[in-house]
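What the coordinates show
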Amino acid sequence: MEKALQTMIDNMPEKTGKSLNEWKTILKEKSFAKHSEGVNYLKKEHGVTHGFANTIVTLSKEENHAPTDLVDQQYKGKESLLPIYEKLLLAIKPFGDDITITPKKTTVSIIRKKQFALIKPATKTRIDLGLKIKDKPTTERLQNSGPFGTMCTHRVQLTEASQVDTELIDWLKEAYEKAV
């Protein structure tokens, strides 16, 4: 994936008329509330194709928020939840080297080819772990997706690191294996 992205960045001046840094400068002058507004602006005002516009907007946002900053912000005032978050990442990483961990403003997406888990500090005392495991029945612990809607099929509420147990890791592994 990173090689394809680098190729896209290298081809940007030829294909779009400007380098990534030039596009970032243009986007800094504008203030878009939504990702799609930035993409549409580049497409309509500058004739950039959708793929390049999406990449430019995504990479210009990444500069504004380093992934660690995003995680720090999510857990500000919820520091007691960090051991749960860290234990989840430790449990997930051995599944394979094809996993991408993508911090966003309020969640952290765990992606293989598709997103298979979502970590969200829901309250000061609870992390909601969203899982995507189609056709898996819910249980008292493995609940329906709740506030995650269609992004996930299930939700597990975690209040302490010891809840990242064999059962939960098995569910994570199942979600990972189906994310192809």
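Residues numbered from 1 in each chain as written. Predicted model: local features only at pLDDT ≥ 70, side-chain atom pairs only at ≥ 80, totals over all residues. Heavy atoms only, no water.

Labelled according to an unreviewed UniProt entry, the protein appears under the name DUF5655 domain-containing protein, originating from Maribacter sedimenticola.

It is worth spelling out the pattern of salt bridges at this point. Following the criterion strictly, the structure yields seven salt bridges and no others. For Glu 174, the salt bridge is made with Lys 136, and the minimal N-O distance between the two is 3.1 Å. Taken as a pair, Glu 174 in helix H7 (residues 166-178) and Lys 136 in the loop between strand S4 (127-131) and strand S5 (143-144) lie far apart in primary sequence, 38 residues in all. Overall, the relative accessible area of 21% leaves Glu 174 in the partly exposed class. Among the residues examined, Lys 136 registers a relative accessible area of 26% and is labelled partly exposed. When the shortest N-O distance is used, the salt bridge between Glu 167 and Arg 141 registers 2.7 Å. Of this pair, Glu 167 sits in helix H7 while Arg 141 is found in the loop between S4 and S5, placing the two residues 26 residues apart along the sequence. According to the relative accessible area criterion, Arg 141 is partly exposed, its value standing at 22%. Within this structure, Arg 126, Asp 128 and Arg 155 form a network of salt bridges that share partners. (Salt bridge = Lys/Arg side-chain N within 4 Å of Asp/Glu carboxyl O. Helix = DSSP H or I, 4+ residues; strand = E, 2+ residues; numbered from the N terminus. Buried < 20%, exposed > 50% of the residue type's maximum accessible area, 1.4 Å probe, protein only.)

In this model H7 runs 18 Å from its N-terminal to its C-terminal C-alpha over 13 residues, within 8% of the 18 Å that 1.5 Å per residue would give. The complete set of buried residues in H7 reads Leu 168, Trp 171, Leu 172, Ala 175 and Tyr 176. Projection of H7 onto a plane perpendicular to its axis shows the buried side chains occupying an angular sector of 140°, all on one side. Buried positions along H7 lie against helix H6 (82-92), strand S3 (115-121), S4 and strand S6 (154-158). (Expected span 1.5 Å × (residues − 1). Arc of directions from axis to C-beta. Contact = heavy atoms within 4.5 Å.)

So, about the packing of helix H2 (residues 20-29) against helix H3 (residues 35-46). Contact geometry for H2 and H3: axes closest at 12 Å, N-to-C directions at 105°. Put simply, H2 runs roughly perpendicular to H3. For the pair formed by H2 and H3, the contact residues are Trp 23, Ile 26 and Leu 27 on the first element and Tyr 41, Leu 42 and His 46 on the second. (Axes fitted to C-alpha atoms, helices over the stretch in contact; angles between N-to-C directions. Parallel < 35°, antiparallel > 145°, perpendicular 65-115°, else oblique.)

Before going further, it helps to examine the environment of Thr 16. Tracing the backbone through its elements, the reader meets Thr 16 in helix H1 (residues 2-16). Once the C-alpha coordinates of Thr 16 and Phe 52 are considered, the two residues, 36 residues apart in sequence, prove to be 7.9 Å apart. In contact with Thr 16, not counting residues within four places along its chain, are Trp 23, Val 48 and Phe 52. For Thr 16, the side chain forms a polar contact with the side chain of Trp 23, separated by 2.8 Å. (Polar contact = N/O pair within 3.5 Å; in protein donor to acceptor, adjacent residues only side chain to side chain.)

Here six strands make up an open sheet; going across it, the order is S1-S2-S3-S4-S6-S5 and the pairing antiparallel. If you trace the sheet from one side to the other, it starts and ends with strand S1 (100-103) and S5, each paired once. As paired strands, strand S2 (residues 108-111) and S3 are joined by four bridges and run antiparallel to one another. By the bridge assignment for S3, Val 108 is matched with Ile 119. The strands touched by H7 are S3, S4 and S6; relative to S4, the strand with the most contacts, the crossing angle is about 40°. (Pairing = 2+ DSSP bridges.)

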